[in-house]
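# Structural characterization, general
What follows is the residue order along each chain.
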Amino acid sequence: MTDTAEEVRQLAPHWGVMFVVMFVVLALVERVVGSLSFLPSMLLVFVVAFGYPAVVRALGVAPPVWQRP
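This one's a predicted model, so the numbers in the text were calculated from it and none came from an experiment. (Residues numbered from 1 in each chain as written. Predicted model: local features only at pLDDT ≥ 70, side-chain atom pairs only at ≥ 80, totals over all residues. Heavy atoms only, no water.)

### Notes on the UniProt feature "transmembrane region" (unreviewed entry) in the protein chain
As annotated in UniProt, the feature "transmembrane region" (unreviewed entry) corresponds to residues 12-29 and 36-55 in the numbering used here. Taken end to end, residues 12-29 is 100% helix and 0% strand, and its first and last C-alpha atoms sit 26 Å apart. (UniProt positions renumbered as here; feature names shortened; annotations may be inferred. Helix = DSSP H or I, 4+ residues; strand = E, 2+ residues; numbered from the N terminus.)

### Here we look at the pattern of salt bridges
Evaluated as defined, the whole model comprises 1 salt bridge. Taking the shortest distance from any N to any O, the salt bridge between Glu-6 and Arg-9 comes out at 2.5 Å. With Glu-6 and Arg-9 both in helix H1 (residues 3-33), this residue pair falls 3 residues apart, about one helical turn. (Salt bridge = Lys/Arg side-chain N within 4 Å of Asp/Glu carboxyl O.)

### Focus: the nonpolar core
Most often, soluble globular proteins keep nonpolar side chains buried together rather than apart. Counting 8 residues, the largest nonpolar core is built from Leu-11, Met-18, Met-22, Val-48, Tyr-52, Val-56, Ala-62 and Trp-66. For this core, the secondary structure elements donating two or more residues are H1 and helix H2 (38-59). If we skip the residues at most four places from it in the chain, Tyr-52 touches His-14, Val-17, Met-18, Val-47 and Trp-66. (Core = buried A, V, L, I, M, F, W, Y, C linked by side-chain atoms within 4.5 Å. Buried < 20%, exposed > 50% of the residue type's maximum accessible area, 1.4 Å probe, protein only. Contact = heavy atoms within 4.5 Å.)

In structure tokens:
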């Protein structure tokens, strides 16, 4: 496998989980707060997108391409 294909293979499950987590967070916040406009929704998406890799590293289940040297 090429390096890019190997990276995609390692990251695909995490991308899927991150996608689901984003929808769950948005649904929970909208249930509690009410309907969100575009900017607050995007802020939540970015928080999850940038926070997920940090949490996964802290839990020790990050794929090798996310491991810091």
